[in-house]
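A structural walkthrough
Residues per chain, in single letters:
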Amino acid sequence: MSRISMLIATGMMFVGTLAPRLHPGHESFAEIELNRRTGNLQVALCVWPEDLESALRKFSHTAVSLDDADVDKTLVAYLKKRFIVRAEQDGAPLGIRWVGKELDLKKTWLYFEVLDAADGAVLRLEHRLLLGEVDQQQNYVVFRDGDTRTSMLFDQDHPIRDLRTGQTVSRGKGSE
Amino acid sequence: MWFNRVLLLLSVSIVIGPILAAAQTPQKFSQVDKFRQLEEILPTPNDFRTASGAPGAQYWQQQVNYEIDVRLNDDDQTISGFEKITYRNNSPDTLSYLWLQLDANIHRPDSDANLAATMPDLEGMSFGQLRSLLARQSFDGGFNITRVADHVAQKPLQHTIVKTMMRVDLPRPLPSGEEFVFEVEWNYAINNSRLIRGRSGYEHFDEDGNNIYEIAQWFPRLCAYSDATGWQHKQFLGRGEFTLEFGDYVVRITVPDDHVVAATGVLMNENDVLNETQRQRLEEARKSDRPVFIVTPEEAKANESTPPSGTRTWVFKADRVRDFAWASSRKFIWDAQLHRMGDFPVMAMSFYPNEGEPLWSRYSTRAIIHTLNVYSRYTFQYPYPVAISVNGPVGGMEYPMICFNGPRPEPDGTYSARTKYGLISVIIHEVGHNFFPMIVNSDERQWTWMDEGLNTFLQYLSEQEWEEGYPSRRGEPQDIVDYMRSFDQVPIMTNSESILQFGPNAYHKPATALNILRETILGRELFDYAFREYARRWKFKRPMPADFFRTMEDASGIDLDWFWRGWFYTTEHVDLAIVGVTEFRVSSGDPEEVKGRQREERENQPLTLSRERNRPLQKFIDLYPDLKDFYNAYDVLDVTDEEREAYQRKIEALSEEDRALLADGHVFYLVELENVGGLVMPVILEAEFDDGTKQTFRFPAELWNKNNVRVKKLLIVDRPIRSLTLDPRLETADCDLSNNRYPPEIPKSRFELFERRQRGDNPMQRAAKADQPDEQKQPEENK
């Protein structure tokens, strides 16, 4: 899909325009763990297959199917655009090592590593998976570093959040 | 009688987990009471709604009947309508004004829905999203109300439009038990769903120049007025759908004369709008055991290229419905099959373009029938004469007797399994909404879960009855754990517009909660009885959350306040853990046995570093043996004759029964459990014995009612346990299984498990991979 980068001049305001909510159901879930031994982020990302397939089609302008033998190439290219981790706010995107995927009718799990992520105390995750292609998409992430665990939500309004390594504080239990 | 106290001592052979870090020293008692009754939260019962959860003796609801004439203009995609509304005031109150909903006003550029939307992500915006953004700035799809008048006097009525609501001031107060009849005229532009998506709209097909219209929330509709909320006129912001009054409808829909119309209700003028062939096919459909084409794919295709010669008016009648929706297009294929629910006939029908084939003719009408069968079994018999599924621009939305469903196959007619099951699931879901909330008329604008949650639960049951292993997304407890342990969430009992993570919160979590309630807490028989009772009590009535909670308790006979409190009023999750297991055996008190065990424990004590290093040192008493006395040879663990005799006397004093108890070899395990997640749940423990056999122990959630953080439970078995597993069949949505095992297992992340499986390839698999493209063969490095 064609994208418009840096569309808006500074100070320009839009009135918000979320599409009316139909019956929802577009969500992904990712477990991200910082492997202190390798220094890489290990990512297991679960997404609904038809959403991913639809996004890949729009992204590649071809009739991609997740069942295609060579779909991983498109997947990796897509991930590089939609799942970006930086060690510094404006730093270069960290590299991705593709590990593999599991596909069934209910879910697709994507497995990959983000390389050399242990250096920064704060990693900036830009998680736009499906946000440009699927209405009402919401991406949930649980980030683990050692014993600490943080969860966060990425959506059209908040596609970028920080992963705090080391000093990450686990948030408390839910409340009434 | 020390032998009567069985748990004498005994050997503590196994202890796992940390010792309680700090004993709980509460200020009197520091825990929140998870079993506190809900009475203080739920509304006080009254004559309208009883404490049992049933409608009270004085229950009332308004009645609103509509007679509507509407015209669809296919040239400029607008509709214009006239309605005569008969409002019967069944409330005990005198009303001086009426409120109507104007949902299409959400499409005004200055609507609250648009103004309240927060900043979109501009950087990642696609051109399609930008077009939509700009369209919303310019498109005005709101109602133009051109006339509001007293029907009898034919005089204008004072009315005030408040965003998506309109107040009509009555010429004189309307007393209880009386009717007021008035008329409204309006028109509006229909939204192009490609630019502005919604629950209603039109889809334009560039290839043939035709449109499919799915028209809903399209006429000024009376707001609900009830004992629980008064006027329900919360503004329409997009998520909270609606709640309306039941009434009878006659609707005359004028469309181009080559259009086929599907609508809520029964078609009253077949002879005027259908040709003879179509009427004959309808007769066939009334006798067939499979869907019959009323309009064939070939006829629909031909219809796409011939212009209309005029207009035609389709007349529909629907009784006892809370709303009315319809669809119209010259592209529609139409199939139908009469399905008998007992003696009651229901015409199941589907309308779809050729773009939906072959998927739609194969599955849509059949899925409708399956849904009616399963839902009727768990609630009440479907009471309407038709049930319709339409394919068009709306992905999934429900109205009485009719619903809109989006999935289509590929342009070449092939489809993936995911598309097939996606279509079946959405049809089950949307047809299922006939029961909740179209008949059990809950307030969607306030409580999304009351229809979506209950409906998703029944959707799961229906899917599982479609075929073995149906890939249901929502219902199984383990599928909700990712959401349950996430942090950006609010309780289910949250107003529809304030919900975070809308789908998981209002659909998935309540559906899973009900499935757990059914399978693990109440059992199928009790649950099904209570759930059916709720549906029957509130059929064609307006329940509130308390009515559901109370009925489920009232009919099941089980106090469920802890369950509603935990699952519906908090964001806690389930994470129970085994933190310690201690084994006890009954001791006979035989000094040989007792001291022998103590000696063994002493010998098993670790040799300290200093003792080991001191061993070779020359000892002073070895140089001077005369220093050794009685104590150098005495061992406190040696059994004396006095001890042996004392034991013998005590054994002889025991009854035969007590002696048998001593000899039966029972083993006692004290299992210490911690509630890490906060949500109390039943404890299900599976013990595996040394011989490989297993035994399951089930304890109710009330186990936690005095201490909801830590409890100890005693398992009595006749042979040693090798391992214990909490929730072995994944019944409770336990979010962390790593602490569910004794002995504990080091947890592996999903990533590690996958990588390990990858590494575990056998040579044949590796050879096969060598033939794969590079992207799959080699990990990608991207710096």
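In the block above lies the structure referred to throughout.
Residues numbered from 1 in each chain as written. Chains lettered and ligands numbered in written order. Predicted model: local features only at pLDDT ≥ 70, side-chain atom pairs only at ≥ 80, totals over all residues. Heavy atoms only, no water.

1. A few points about the overall build of chain B
The helix and strand inventory of chain B stands at 23 helices and 30 strands. Over its C-alpha atoms chain B spans a radius of gyration of 35 Å, topping by over 25% the 28 Å that the globule rule assigns to 783 residues. Taken over the C-alpha atoms alone, chain B extends approximately 130 × 75 × 55 Å along its principal axes. The 783 residues of chain B split such that 55% are buried. Accessible surface computed for chain B: about 34100 Å², of which carbon and sulfur atoms make up 50%. In chain B, which carries 90 positive and 120 negative side-chain charges, the distance between the mean positions of the two groups comes to 1 Å. (Helix = DSSP H or I, 4+ residues; strand = E, 2+ residues; numbered from the N terminus. Rg over C-alpha atoms; globule rule 2.2 N^0.38 Å. Buried < 20%, exposed > 50% of the residue type's maximum accessible area, 1.4 Å probe, protein only. Areas by Shrake-Rupley, 256 points an atom, 1.4 Å probe, with all protein chains shown as cover. Lys, Arg positive; Asp, Glu negative; His and termini not counted. Charge placed at Lys NZ, Arg CZ, Asp CG, Glu CD.)

2. Here we look at the packing of aromatic side chains
The full count for this structure, using the stated rule, is 59 aromatic pairs over all chains. Ring centres of F59 of chain A and Y78 of chain A lie 5.1 Å apart, and the angle between their planes is 75°; on these two criteria the pair is classed as edge-to-face. Of the two residues, F59 of chain A sits in helix α1 (residues 49–60) while Y78 of chain A sits in helix α2 (residues 71–82), which places them 19 residues apart along the sequence. The burial state of F59 of chain A is the same as that of Y78 of chain A; both residues are buried. The interplanar angle of 75° and the centroid separation of 5.2 Å between the aromatic rings of Y66 of chain B and F219 of chain B together place this pair among those described as edge-to-face. Within this pair, whereas Y66 of chain B is found in strand β1 (residues 63–73), its partner F219 of chain B is found in the loop between β9 (211–215) and β10 (221–222), the two being separated by 153 residues in sequence. As far as the burial class goes, Y66 of chain B and F219 of chain B line up, both buried. A cation sits over an aromatic face here: R221 of chain B above F242 of chain B, 4.6 Å from the ring centre. (Phe/Tyr/Trp six-rings, centres within 6.5 Å; stacked < 30°, edge-to-face > 60°. Lys NZ or Arg CZ within 6 Å of the ring centre and 35° of its normal.)

3. A word on the packing of α1 of chain A against α2 of chain A
The relative placement of two packed helices is expressed as an angle between their axes plus a distance between the axes. Residue and element names in this part refer to chain A. The N-to-C vectors of α1 and α2 enclose an angle of 80°; their axes lie 10 Å apart at closest approach. Here α2 runs roughly perpendicular to α1, going by the angle between their axes. For the pair α1 and α2, the contacting residues are L52, A55, L56, F59 and S60 in the first and V71, T74, L75, A77, Y78 and K81 in the second. (Axes fitted to C-alpha atoms, helices over the stretch in contact; angles between N-to-C directions. Parallel < 35°, antiparallel > 145°, perpendicular 65-115°, else oblique. Contact = heavy atoms within 4.5 Å.)

4. A word on the side chain of T419 of chain B
Residues and elements named next belong to chain B. Within the secondary structure layout, T419 lies in helix α7 (residues 417–432). Here T419 falls in the buried class, since its relative accessible area comes to 18%. Setting aside anything within four residues of it in sequence, one finds T419 in contact with L359, P407 and R408.

5. Things to note about unusual backbone geometry
Residues and elements named next belong to chain B. The linkage connecting E357 with the following residue, P358, adopts the cis geometry, with an omega of 10°. By the secondary structure assignment, P358 is in the loop between β20 (344–352) and α6 (359–378). Here the amide bond leading from F436 into P437 is cis, since omega sits at 15°, within 30 degrees of zero. With respect to the secondary-structure elements, P437 resides in helix α8 (residues 434–439). Here the phi dihedral of Q501 falls at roughly 50°; this positive angle occurs in a residue that is not glycine. With respect to the element layout, Q501 can be found in the loop between α10 (481–484) and α11 (502–522). Positive phi outside glycine occurs at D727, with the angle close to 50°. With respect to the helices and strands, D727 occurs in the loop between β29 (721–726) and β30 (741–742).

6. Here's the deal with the nonpolar core
All names here are of chain B. If you look at the biggest cluster of nonpolar residues, it comprises 192 residues, and the most contacted ones within it are F182, W218, F324, W326, W567 and F568. Counting residues per element, this core draws most heavily on α6, which supplies 10 residues. Ignoring sequence-local partners within four residues, the contact set of F182 consists of E83, K84, I85, L98, L100, V148, A149, D150, H151, L157, V168 and L222. (Core = buried A, V, L, I, M, F, W, Y, C linked by side-chain atoms within 4.5 Å.)

7. Topic: the sheet that holds strand β23 (residues 402–405) of chain B
Residue and element names in this part refer to chain B. Spatial ordering of the open sheet is given by β16-β19-β20-β21-β23-β22, a layout of 6 strands whose pairing is mixed. Lying at the two open borders of the sheet, with one neighbouring strand each, are β16 (292–295) and β22 (396–399). Taking each pair of neighbouring strands and ignoring which way they run, the sheet shows an average axis angle of 20°. In this sheet, β20 lies alongside strand β19 (residues 333–341) in antiparallel orientation, the contact comprising 9 bridges. Within the sheet, the bridge partner assigned to I333 lies in β20 and is Y352. (Pairing = 2+ DSSP bridges.)

8. A few points about the pattern of salt bridges
Residues and elements named next belong to chain B. Taken as a whole and judged by the stated rule, the model has 72 salt bridges over all chains. Two residues, K331 and E304, come together in a salt bridge whose shortest N-O distance is 2.8 Å. With a gap of 27 residues between them, K331 in the loop between β18 (326–329) and β19 and E304 in the loop between α5 (297–303) and β17 (311–321) connect regions that are remote in the sequence. Per residue, the accessibility class of K331 equals that of E304, and both read buried. Ionic pairing is found between E593 and R597, a salt bridge with its closest N-O pair at 3.3 Å. One end of the pair is E593 and the other is R597, both in helix α15 (residues 591–603) and 4 residues apart, which spans about a single turn. One continuous salt-bridge network, built from bridges that share partners, spans D208, K301, E304, K331 and E355. (Salt bridge = Lys/Arg side-chain N within 4 Å of Asp/Glu carboxyl O.)

9. Focus: the environment of A348 of chain B
All names here are of chain B. By the secondary structure assignment, A348 is in strand β20. Distance in space between the C-alpha atoms of A348 and R599 is 81 Å, their sequence separation being 251 residues. With sequence-adjacent residues up to four places away left out, A348 is seen in contact with D335, A336, Q337, T365, I368, I369 and A387.

10. What about the sheet that holds strand β1 (residues 27–35) of chain A?
Residue and element names in this part refer to chain A. In space, the 6 strands of this open sheet follow the order β4-β5-β2-β1-β7-β8, with mixed pairing throughout. Edge strands, defined here as strands with exactly one partner in the open sheet, are β4 (96–103) and β8 (148–154). The mean angle between the axes of side-by-side strands here comes to 15°, regardless of whether they run parallel or antiparallel. Where α1 meets the sheet, its contacts fall on β2 (40–47), β4 and β5 (108–114), and the angle it forms with β5 comes to roughly 60°. Running over the sheet, α2 touches β4 and β5 and is turned about 125° from β4.

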